[in-house]
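What follows is the residue order along each chain.
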Amino acid sequence: MTTAPLVPGPVTVRVPAKVNLELLVGPPRDDGYHALSTVFHAVSLYDDVTVSAADTWGVDVAGPLAVGVPTDGDNLAMRAARLLGGRFDLDPVHITIRKGIPVSGGMAGGSADAAATLVALDELWDLGLDREELEELGGELGSDVPFLVAGGTAVGSGRGELLAPVLARGTYHWVFALADGGLSTPAVYAECDRLRGADVPDPVANPALMAALRSGDPHELAPQLANDLQDAALSLRPELVEVLSSGMEYGALGGIVSGSGPTCAFLVEDNESGIDLAVALTASGVVRDVRRANGPVHGAHVIHHRVD
Ligand code: C5P
């Protein structure tokens, strides 16, 4: 009797989305990136990324939010696989991404898939990489990737890839207003530069936000939410002004554009207020779709590993 060769995996990794509680943007650097001081916060909207050994490298994307995700070499998960594959001389894998994070929505969905792929390949091939090594590899792929490996709540500096822990208490409840179509991150940064002109100071973190996070009180956190990219996102997508004002009118404690947008993030008092706000925003017809989530949550983590 012949037996089939052992095929490692599949391994499935779940990875969260992020919202920036504070996104302070400095002047453009010589490399084209902007110096940031940001507070990342991982929230419970997830992509599931499955990797399995295959004859050729490949990626496919599934789920209702999959529209617009590239399935060629531009896919960030594929770039992560090739980076690790080249570094460790790995055999090809096929990647399947089930999207629960809005695409091009300012919630780092592509970066999340890259982070998940690094964690999944480490597990599949038993590479024994620690979190720090995974985060460092992530930094080569994109500014948000290290945070999606780490999760929780963390301060990001440099171009966002240098992380430091934050003392944060409690769980925060969020409602996310999804928009039709995405926004290009480089276009939003360029619009931010255009609107602000020259003489932009280096970003300095706001101590009041840190104090609010230590308190665990959403009422204290709400007035500290800040995003320097918001004016640029609103300039490119003026209809978001109404989304933000509707969220506040219907009971949010605070509302901001998430990252480079166009998703808008609303902080609410508790789970029940989140349901109320989600219903009101949906009924208003101002937003296409809403998602409720809470944070902080863990970064990319293995949820399934079949070992034959
Ligand atoms: O690092 P990542 O590839 O995710 O960045 C996408 C784009 O966002 C960059 O090409 C750049 O235009 C912009 N960006 C920036 N400054 C940062 C992070 C991103 O200008 N700190």
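Structure: above.
This section reports on the structure supplied with the text. All figures in this text were calculated on a predicted structure; none of them were measured in a lab. (Residues numbered from 1 in each chain as written. Predicted model: local features only at pLDDT ≥ 70, side-chain atom pairs only at ≥ 80, totals over all residues. Heavy atoms only, no water.)

### Thoughts on the overall build of the protein
Counting its secondary structure elements, the protein contains 10 helices and 12 strands. Against the compact-globule benchmark of 19 Å for 308 residues, the protein has a radius of gyration of 19 Å, which places it among compact chains. Dimensions of the protein along its principal axes, counting C-alpha atoms only, are 70 × 45 × 35 Å. When each of the 308 residues of the protein is scored for burial, the buried share is 50%. At a minimum sequence separation of 6, the contacts of the protein that also span at least 24 residues come to 77%. Accessible surface computed for the protein: about 13400 Å², of which carbon and sulfur atoms make up 50%. When the 19 positive and 41 negative side-chain charges of the protein are each reduced to one mean point, those points stand 2 Å apart. (Helix = DSSP H or I, 4+ residues; strand = E, 2+ residues; numbered from the N terminus. Rg over C-alpha atoms; globule rule 2.2 N^0.38 Å. Buried < 20%, exposed > 50% of the residue type's maximum accessible area, 1.4 Å probe, protein only. Contact = heavy atoms within 4.5 Å. Areas by Shrake-Rupley, 256 points an atom, 1.4 Å probe, with all protein chains shown as cover. Lys, Arg positive; Asp, Glu negative; His and termini not counted. Charge placed at Lys NZ, Arg CZ, Asp CG, Glu CD.)

### Let's talk about the pattern of salt bridges
Oppositely charged side chains can pair when the atoms bearing their charge come close. Throughout the structure, instances matching the rule amount to 10 salt bridges. When the shortest N-O distance is used, the salt bridge between lysine 99 and aspartate 47 registers 2.4 Å. Taken together, the positions of lysine 99 in the loop between strand S4 (93–98) and helix H2 (109–124) and aspartate 47 in strand S2 (residues 34–53) put the pair 52 residues apart, joining distant regions of the chain. A salt bridge links arginine 237 to glutamate 239, with the nearest nitrogen and oxygen atoms 3.0 Å apart. Using a relative accessible area of 12% as the deciding quantity, one classes arginine 237 as buried. Judged by its relative accessible area of 43%, glutamate 239 is partly exposed. By sharing partners, the salt bridges in this structure join Asp47, Lys99 and Asp113 into a single network. (Salt bridge = Lys/Arg side-chain N within 4 Å of Asp/Glu carboxyl O.)

### Focus on the nonpolar core
Nonpolar side chains tend to gather and get buried jointly when the protein is soluble and globular. Judged by nonpolar contacts, the single largest core of 68 residues is most densely connected at Ile95, Trp174 and Phe176. Counting 26 residues, the second largest nonpolar core, distinct from the first, contains Leu183, Tyr189, Cys192 and Val287. (Core = buried A, V, L, I, M, F, W, Y, C linked by side-chain atoms within 4.5 Å.)

### Notes on a negative patch on the surface
Residues Asp130, Glu132, Glu133 and Glu136 make up a contiguous surface patch of negative charge. Here glutamate 136 lies in helix H3 (residues 131–141). (Patch = residues over 30% accessible without salt bridge, like charges linked within 9 Å, V, L, I, M, F, W, Y side chains within 5 Å.)

### With respect to the environment of aspartate 122
Among the secondary structure elements, aspartate 122 is positioned in helix H2. Sequence separation of aspartate 122 and leucine 84 is 38 residues, and the distance between their C-alpha atoms is 8.8 Å. Those residues in contact with aspartate 122 that sit more than four places away from it in its chain are Leu84, Leu127, Gly128, Leu129 and Leu134. Polar contacts involving the side chain of aspartate 122 include one to the main-chain amide nitrogen of glycine 128, which spans 3.1 Å. (Polar contact = N/O pair within 3.5 Å; in protein donor to acceptor, adjacent residues only side chain to side chain.)

### Details of H3
Buried within H3 are the following residues: Leu134, Glu135, Leu137, Gly138, Gly139 and Leu141. Elements that come into contact with the buried residues of H3 comprise helix H1 (76–88), H2, helix H4 (145–150) and strand S6 (162–165).

### Topic: the pairing of strand S10 (residues 264–268)
Across the 5 residues that make up S10, a large majority, 5, are buried. Burial along S10 is two-sided: the face carrying Cys264, Phe266 and Val268 and the face carrying Ala265 and Leu267 are both buried. The sheet contact formed by strand S7 (residues 172–178) and S10 spans 5 bridges and is antiparallel. Bridge pairing links valine 175 to phenylalanine 266 in S10. Where strand S9 (residues 254–257) and S10 come together, 4 bridges link them in antiparallel fashion. When the sheet's bridge partners are listed, isoleucine 256 is paired in S10 with alanine 265. Linking two consecutive strands that pair antiparallel, namely S9 and S10, is a turn of 6 residues; a positive phi of about 55 degrees is found at glycine 259 within it. (Pairing = 2+ DSSP bridges.)

### Examining the site of the ligand
Close to the ligand lie Gly32, Tyr33, His34, Leu36, Gly142, Ser143, Arg159, Thr185, Pro186 and Tyr189, which account for all nearby residues. At 2.9 Å from a nitrogen atom of the ligand is found a main-chain nitrogen or oxygen belonging to arginine 159. The protein chains hide 77% of the 450 Å² of surface that the ligand would expose on its own. Looking at the shell around the ligand residue by residue, the class counts come to 4 nonpolar, 5 polar and 1 charged. (Near = heavy atom within 4 Å. Nonpolar A, V, L, I, M, F, W, Y, C, P; charged D, E, K, R; others polar.)

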